[in-house]
Amino acid sequence: IILKYQEGKLIQAITRGSGGEIGEDVTHTIRTCRKLPLHIPHREYLEVRGECFISYETFKEISNANPGRYKNPRNLASGTVRQLDSNIARERSLEFKAFAIVKTNNSFKTKSEQFKFLMSLGIPVVEHRLVSSSKEIADIMKDFDPLKYENPVDGLILEYNDLEYGKSLGVTTHHPLNI
């Protein structure tokens, strides 16, 4: 999901779409996400990329009330985001966590600075840690075991904290360039 804020207000939420192309406008359902601010203390334009999800606990509750109807939390979240009725999205307790800033007037040198900025605005961010050795990475991989994690995850993403160095490594359509 890409969130667009202007003059401190959430003005649009859109899906990534296929192949990195812009997808559907889902502002009406994203406004129901738990803990996602509709107003932020930042007046300039800001675009944020993140993930909308349903926790395993919430998925179990929904599945127990509707046996055999839903396959997994990821598919349920994807379908919920696209609901025409935002009340259904509200009932399913969607959550959002940011993982990148797409556009802003602010200048950041590190990913850590971006996360700190987003958190200062009240925007939830993905869990993250700054590491300096491969041993630390191995320890983190144990902490983020998908079978033990409270929210559905695809896996662990490693990013360079130095944004310029990260940009120098190139991009893909699945992981477009972030500021």
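Residues numbered from 1 in each chain as written. Predicted model: local features only at pLDDT ≥ 70, side-chain atom pairs only at ≥ 80, totals over all residues. Heavy atoms only, no water.

A. Examining the overall build of the protein more closely. For the protein, the helix and strand inventory stands at seven helices and four strands. Counted from the first residue to the last, the protein has its helices and strands arranged as β-β-α-β-α-α-α-β-α-α-α. Against the 2.2 N^0.38 benchmark of 16 Å for 179 residues, the protein shows a C-alpha radius of gyration of 17 Å, consistent with a compact globule. Taking the principal axes of the C-alpha coordinates as reference, the protein spans close to 50 × 40 × 30 Å. Classification of the 179 residues of the protein by burial places 38% in the buried group. (Helix = DSSP H or I, 4+ residues; strand = E, 2+ residues; numbered from the N terminus. Rg over C-alpha atoms; globule rule 2.2 N^0.38 Å. Buried < 20%, exposed > 50% of the residue type's maximum accessible area, 1.4 Å probe, protein only.)

B. Representation of the sheet that holds strand 3 (residues 46–53) in the model. What the four strands build is an open sheet, ordered 2-1-3-4; its pairing is antiparallel. What marks the edges here is a single partner per strand, and that holds for strand 2 (9–14) and strand 4 (95–104). Strand after strand, the sheet turns through a mean of 30° between neighbouring axes, direction not considered. Examined bridge by bridge, strand 1 (residues 2–6) and strand 2 share five bridges and lie antiparallel to one another. Paired with Lys4 across the bridge in strand 2 is Gln12. (Pairing = 2+ DSSP bridges. Axes fitted to C-alpha atoms, helices over the stretch in contact; angles between N-to-C directions.)

C. Region of interest: the pattern of salt bridges. Tallied over the full model, the rule gives six salt bridges. One salt bridge in this structure joins Glu24 and Arg82, with 2.8 Å as the shortest N-O distance. Here the residue Glu24 occupies a position in the loop between strand 2 and helix 1 (27–30), and Arg82 occupies one in the loop between helix 3 (73–81) and helix 4 (86–91), the gap between them amounting to 58 residues. Judged by its relative accessible area of 39%, Glu24 is partly exposed. On the basis of relative accessibility, which here comes to 35%, the residue Arg82 falls in the partly exposed class. Among the salt bridges present, the one from Glu164 reaches Lys167, with a minimum N-O distance of 3.7 Å. Of this pair, Glu164 and Lys167 both sit in helix 7 (residues 163–168), three residues apart, roughly one helical turn. A relative accessible area of 32% means that Lys167 is categorised as partly exposed. (Salt bridge = Lys/Arg side-chain N within 4 Å of Asp/Glu carboxyl O.)

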